[in-house]
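# A look at the structure
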Number of protein chains: 4
Amino acid sequence: MTSTPCILLTGFEPFGGEPVNPSWEVAQALAGEMMGSLRVESVQLPCVFAQAPQALQTALAQYSPRAVLCLGQAEGRSEVTPERVAINMLQARIPDNAGAQPQEEPVIPTGPTAYFSGLPLARMVSQLHHCNIPASISNSAGTFVCNQVFYWLQHTWGRSDRLSGFVHLPCLPEQATRMAMTPACPSMPLEVQVRAVRELLRVMVESLQLSG
Amino acid sequence: MTSTPCILLTGFEPFGGEPVNPSWEVAQALAGEMMGSLRVESVQLPCVFAQAPQALQTALAQYSPRAVLCLGQAEGRSEVTPERVAINMLQARIPDNAGAQPQEEPVIPTGPTAYFSGLPLARMVSQLHHCNIPASISNSAGTFVCNQVFYWLQHTWGRSDRLSGFVHLPCLPEQATRMAMTPACPSMPLEVQVRAVRELLRVMVESLQLSG
Amino acid sequence: MTSTPCILLTGFEPFGGEPVNPSWEVAQALAGEMMGSLRVESVQLPCVFAQAPQALQTALAQYSPRAVLCLGQAEGRSEVTPERVAINMLQARIPDNAGAQPQEEPVIPTGPTAYFSGLPLARMVSQLHHCNIPASISNSAGTFVCNQVFYWLQHTWGRSDRLSGFVHLPCLPEQATRMAMTPACPSMPLEVQVRAVRELLRVMVESLQLSG
Amino acid sequence: MTSTPCILLTGFEPFGGEPVNPSWEVAQALAGEMMGSLRVESVQLPCVFAQAPQALQTALAQYSPRAVLCLGQAEGRSEVTPERVAINMLQARIPDNAGAQPQEEPVIPTGPTAYFSGLPLARMVSQLHHCNIPASISNSAGTFVCNQVFYWLQHTWGRSDRLSGFVHLPCLPEQATRMAMTPACPSMPLEVQVRAVRELLRVMVESLQLSG
């Protein structure tokens, strides 16, 4: 239990054979920072369908955050992409870190088809553009563990008066270099990703203050 | 005339409606830096077929450089790409900054089909990877003013005992944001581009020392 | 009123400055074909937010179809892509054919966040692969008129015992050629697109027979 | 030995783990066709650095062709791409079919840096556009066996009064489907590729008649 009001910031462990995941690198880098009166609490989620929601639930219980931002890695994207919508669908192209590969299963059998993000997406993108950081709203968080966590968060914790949502980050330069794809996988330096997420957290804190 | 031995570093003025060109931003940022005993002399080239070679010739005459690195912008690439080969061909998809749009004309009518770069390409890419900066050798510098300058440089100044060549740079984040393309145009922050070209110049200076 | 049981197949008029839209070319080519005992009724929808749902409603009333397949054009895709989910969101990057460009508006203010497609997506993709036609399930139908029509269809007509949904088609070769993009816009010949949609309609008719 | 004047058309055997290569499928499909008074003689080349030039040499000796068109597969391209230039460089990202993977070696140690294609590239592209087949001139044939064969052909057989060159073809739909890449690998149906190459051969025959 923490007594300082906080924002929960999650990142994923590496997956798909990668030794690193930008989402956790960024979350770690911002751990403990104060955004106004809110402390950033950073938690790593396993890239495992059977464990990720529970890990998030534990973190929510432990920190009782004022807002929640979950981060994930989106190979192939060159921008920071706040996600618009989480869908009630698991469909894995590759196995998760425990070897599971669900096909056309719901995240929550009794849940609705989808949830919109609880974040001020347009303001977030516009703030990143203001800082010369490439960003745009994405209309699909995929159907892997990222979308599962996003859906589960909105279903379980999201409310119209609460700020929560998901943002995908590009690969790190070291990942792009190692992949040696043709054409090359786009990437964004860690320091820029950290700056970007710090700005996103600032926009969230401002929104809390305006609404609260 | 300068009395300090130097490396000539060129960048292009903006073109294609863009207000900025990363190649000139980077060249400017490194102007006057000392790489070992060599001073970086930065010169802007016009993005004009009828003027670019002459501007380069003037700079070569003025500075008598020990080595020459020409930079250009490659929209759509996410990596720093040292160019392998310059071809004797002008073929413009868009007009240059003076409105000229040559179709299937030679750079130099009496010149050979192509020149290889005079730079240690593999070492350059490997050094950038070592610094976690995405890079790869490119097999085409296109057929616009970049390739013209590269070909002209190798034809006029290049020799087996001289270091000269061309490197394409990604767009800047502010350009990618403004373009609002789908999918997004990849980009690289200016500070990373500057760091990358500084490393490339270092590799060049090392090569000079080894050979000289 | 028609007395022959039918499948409704819709395509869009051209938009975005293009003189042609593959979705309407395909719908036209299949108009009047018999799929088992069902006749294909093809209807063109305007690419206008303020008119497309009404045009679809009129067609539904006129034909009382047994199943509905709406087609649209997805510039940049190389595959036939049955869409998984329609979202309650209008967000136009370009104006529609009447000049409207809604920003972050719902398709139907009282509607849910999203609807899943009512089509057998996996079977459709698998049938196209069997015919050597590139295809995959898409997780986003965008936020333009295509998604509006898809959402409106599922909201108004879709039911768990009814077959309805949306499929995006690649550009035609003539469009790709005219666009002269770098890299080139992928495309699919009209005859292959027609063959693909005929196969999709067959899968739908089979599903109707199995369920009915 | 053949007594009928002919055009030599070569394609490659499959490589990189693929069971098929569009270049050989197309060459086979056109084998024996008469283009005016010239018969198409189709020959398969091994995708092996140590054998491909010799196989081409044998075919040249056997058929004494009036013109030569070599075809290859370019994964990731959506268009038919006549190649502008062959460079004197072998640099293999993957092993060839005999396990060889040369790094920065010349095709012919005593040869010039590059050769331009001996084909009427602009007319070829324009003819394909006229037939609604996506096409553009490519400025790089890569540095694998395709470029080796192209360079070797121009060095050994090419002359200003002879028609010879190289054209890269997209993957076949069945290959794109099997690869299941994200984003999908673009492709072109075999029948369209065959039609495209037939048109290219026609342009070549016309050129021969005009010049001869």
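Quick summary incoming for the structure in this document. (Residues numbered from 1 in each chain as written. Chains lettered and ligands numbered in written order. Predicted model: local features only at pLDDT ≥ 70, side-chain atom pairs only at ≥ 80, totals over all residues. Heavy atoms only, no water.)

## Things to note about the overall build of chain A
Within chain A, the regular secondary structure consists of six helices and eight strands. For chain A, the N- to C-terminal ordering of α and β elements is β-α-β-β-α-β-β-β-β-α-α-β-α-α. Scaling as 2.2 N^0.38, a compact globule of 212 residues should have a C-alpha radius of gyration of about 17 Å, and chain A matches this with 16 Å. Principal-axis analysis of the C-alpha atoms gives chain A an extent of 45 × 40 × 30 Å. For chain A, with 212 residues in total, the buried portion stands at 59%. For chain A, the proportion of contacts with a sequence separation of at least 24, taken over those separated by at least 6, is 77%. For chain A, the computed accessible surface area is about 8,100 Å², with 49% contributed by carbon and sulfur atoms. If the 12 positive side-chain charges of chain A are averaged to one point and the 16 negative ones to another, these points end up 8 Å apart. (Helix = DSSP H or I, 4+ residues; strand = E, 2+ residues; numbered from the N terminus. Rg over C-alpha atoms; globule rule 2.2 N^0.38 Å. Buried < 20%, exposed > 50% of the residue type's maximum accessible area, 1.4 Å probe, protein only. Contact = heavy atoms within 4.5 Å. Areas by Shrake-Rupley, 256 points an atom, 1.4 Å probe, with all protein chains shown as cover. Lys, Arg positive; Asp, Glu negative; His and termini not counted. Charge placed at Lys NZ, Arg CZ, Asp CG, Glu CD.)

## A look at the interface of chain A and chain C
With 16 residues of chain A in contact, the opposing surface of chain C contributes 16 residues. Carbon and sulfur atoms make up 66% of the surface buried where chain A meets chain C, a total of about 1,300 Å² over both sides. The largest per-residue losses of area from chain A upon contact with chain C belong to Arg84, Thr113 and Phe116 of chain A, which jointly make up 40% of the total buried on that side. Our enumeration of links across chain A and chain C arrives at two salt bridges. Of the charged contacts in the structure, one is a salt bridge between arginine 84 of chain C and glutamate 104 of chain A, with a shortest N-O distance of 3.2 Å. Linking chain A with chain C are two residue pairs in polar contact (both at pLDDT 80 or more), by the criterion used here. Of all the secondary structure elements, the ones that give two or more residues to the side of chain A that touches chain C are strand S6 (85–87) and strand S7 (114–116) of chain A. When residues of the side of chain A that touches chain C are assigned to their parent elements, the largest contribution, three residues, is made by S7 of chain A. Taken together, the residues of the side of chain A that touches chain C break down into seven nonpolar, seven polar and two charged. (Buried area = accessible area lost by both parts, 1.4 Å probe. Salt bridge = Lys/Arg side-chain N within 4 Å of Asp/Glu carboxyl O. Polar contact = N/O pair within 3.5 Å; in protein donor to acceptor, adjacent residues only side chain to side chain. Nonpolar A, V, L, I, M, F, W, Y, C, P; charged D, E, K, R; others polar.)

## Notes on the interface of chain A and chain B
A common way to state how big an interface is: give the accessible area lost once the parts meet. Chain A puts 17 residues into the contact, and the matching count from chain B is 17 residues. Where chain A abuts chain B, roughly 1,200 Å² becomes buried across the two surfaces, and 58% of that area is made up of carbon and sulfur atoms. Area buried by chain A at its contact with chain B is led by Asn132, Pro134 and Thr177 of chain A, which between them contribute 33% of it. Applying the counting criterion to the chain A and chain B interface returns two salt bridges. One salt bridge in this structure joins glutamate 191 of chain B and arginine 195 of chain A, with 3.5 Å as the shortest N-O distance. Our enumeration of links across chain A and chain B arrives at zero residue pairs in polar contact (both at pLDDT 80 or more). Residues belonging to the side of chain A that touches chain B are distributed by class as follows: eight nonpolar, five polar and four charged.

## Points about the pattern of salt bridges
Side chains that differ in sign of charge can pair as their charged atoms come close. All names here are of chain B. All chains considered together, the criterion is met by 32 salt bridges over all chains. A salt bridge links glutamate 18 to arginine 178, with the nearest nitrogen and oxygen atoms 3.2 Å apart. You can see glutamate 18 sitting in the loop between strand S1 (6–12) and helix H1 (22–30) and its partner arginine 178 sitting in helix H5 (residues 173–179), a full 160 residues away along the chain. On the basis of relative accessibility, which here comes to 17%, the residue glutamate 18 falls in the buried class. Note on arginine 178: relative accessible area 43%, which makes it partly exposed.

## Let's talk about the relation of the copies chain A and chain B
Its rotation angle being 180 degrees, the transformation that places chain A on chain B also includes 0.0 Å of axial translation and leaves an RMSD of 0.0 Å. Expressed as a symmetry operation, the mapping of one chain copy onto the other fits a two-fold axis. For chain A, the smallest separation between a C-alpha atom and the rotation axis is recorded for proline 186 of chain A, amounting to 3.1 Å. An overlap of 100% is found between the interface residues of chain A and their copies at the interface of chain B, pointing to a shared contact surface. (Least-squares fit on C-alpha atoms with pLDDT ≥ 70 in both.)

## So, the pairing of strand S4 (residues 67–73) of chain C
Residues and elements named next belong to chain C. Taken across its seven residues, S4 has seven buried, putting it largely inside the fold. Side chains Ala67, Leu69, Leu71 and Gln73 project from S4 onto one buried face, and the interleaved Val68, Cys70 and Gly72 project onto a second face that is buried too. Bridging between S4 and strand S8 (residues 163–169) involves seven bridges; their strand directions are parallel. What sits directly across from leucine 71, in S8, is valine 167. (Pairing = 2+ DSSP bridges.)

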